[in-house]
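# Coordinates in review
As a plain string of letters, each chain reads:
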Amino acid sequence: MIPRMEPLPLPLEGITVVAVEQAVAAPFATRQLADLGARVVKVERIDGGDFARGYDTAAGGLASHFVWCNRGKESIALDLKDPRGLDVVRRLVADADIFVQNLAQGAAARLGLDAATLCAADPRLIAVDISGYGAVGPYAGKRAYDMLVQCEAGLVSVTGTAGQPVKAGIPAADIAAAMYAFSGVLAALVRRGTTGRGGPVEVSMLEALAEWMGHPLHHAMHGGTPPARTGLAHAVIAPYDAYPTADGGRVLLSVQNDREWRRLAEQVLLRPELAHDPAYATNAARVEHREHTDELVGKALAALVTDEAVARLEAAGIACARLRDVREVAEHPQLAARDRWREVGSPVGPLRALLPPITLPGGDSARMGPVPALGEHTGALLRAVGMTDDEIAALRRDGVAA
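Procedures and definitions
Residues numbered from 1 in each chain as written. Predicted model: local features only at pLDDT ≥ 70, side-chain atom pairs only at ≥ 80, totals over all residues. Heavy atoms only, no water. Pairing = 2+ DSSP bridges. Helix = DSSP H or I, 4+ residues; strand = E, 2+ residues; numbered from the N terminus. Axes fitted to C-alpha atoms, helices over the stretch in contact; angles between N-to-C directions. Buried < 20%, exposed > 50% of the residue type's maximum accessible area, 1.4 Å probe, protein only. Right-handed = clockwise from strand over helix to strand, strands pointing away.

## Some points on the sheet that holds strand 8 (residues 199-204)
What the 6 strands build is an open sheet, ordered 3-2-1-4-5-8; its pairing is parallel. Of all the strands in the sheet, just strand 3 (73-77) and strand 8 have a single pairing partner and so form its edges. Strand-to-strand twist of the sheet, defined as the mean angle between neighbouring strand axes without regard to direction, takes the value 20 degrees. Relative to strand 5 (residues 126-131), strand 4 (residues 98-101) is paired through 4 bridges, and the arrangement is parallel. Paired with Ile-98 across the two strands is Ile-126, which belongs to strand 5.

## What to know about the pairing of strand 2 (residues 39-44)
Summarising burial for strand 2: 5 of the 6 residues are buried, a large majority. Pairing analysis gives 5 bridges linking strand 1 (residues 16-20) to strand 2, with the strands arranged parallel. By the bridge assignment for strand 2, Val-20 is matched with Val-43. Assessed by its sense of winding, the connection that carries the chain from strand 1 through helix 1 (residues 25-35) to strand 2 is right-handed. Examined bridge by bridge, strand 2 and strand 3 share 5 bridges and lie parallel to one another. Among the inter-strand pairings, Glu-44 is bridged to a residue of strand 3, identified as Ala-77. Following the chain from strand 2 across helix 2 (residues 64-69) to the adjacent parallel strand 3, one finds a crossover that is right-handed.

Nothing here speaks to function; it is all geometry.
Structure representation (structure tokens):
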């Protein structure tokens, strides 16, 4: 008989994280750690908490950014400008494995909460500084909101149409920094497991997003011209675009080689003579005659409803996709078939959320804890660091804790 294996625990079970964080970059990084089993203590301001709490009220009265980035955490509200509030953070960090902060440049150092200071005092600690542009250099002190960093990193220059650059529709700079902070923590945990030392981790939004600029950046640096903005089209492949369908939808297709073009002409456009027409038979010819190529494809797909267009393209072996809006993504059949949706608790009741994309078969499921109310865990955490009820009452009375 094959012995039955016990499920593996979540990989960060037993790891404690303290985060002085706000907005997206640090909160999204620490949420990944919480999903993988870490205990995450979120330190918030007493006057409203993480300012992302106030971005909107779309999630049943809560802010959509906050719900996305902060499930599974414990919230403690403290005034770090008061020495007593700062002392509480120091006590929390003393028992932690990881500390993460993304305060304004220089603020953590003034509080003694920068990675270098904390790791010098405790070599086993992993401490993460997330900034906009890094700790030194002419941009170190600049404000670094996501859209601004998208511009500085060149993302906006390659996104949009020929006549109009646009920012990405998601906070790409914040997400890039968050994911490098997350992977940096995991790497530092491995190092600590072999050397006993954690150490500082530094991530800047600019450097993270500049790395993601990979192909356009290397193309331009090494002798090419910067890629043109082409909307949904491709600069050097045709047909490669989104085309309207008869029922108001749009279908994006990509023809990667001339064999695929022949199949498209014969089975989708129903124009077999175009397969070997010199004006369209090669990709170079199709790009040269892009306007006419797109006209041919667009006319054929405009006569079909979306389902029929997709079915015909798939039967011909042509890569294609529906151009979905975000509401349609929430009902995506592939996400439903793979059972990727869960409900998480929150101060306003259960909210729908996606399972994290890291799947660990054979182990415990991701820990998708509730979204905390501001200061929901203040009392319990203050008691955990040794404070009496009278001391806690004094902190609350003086506005140091909430």
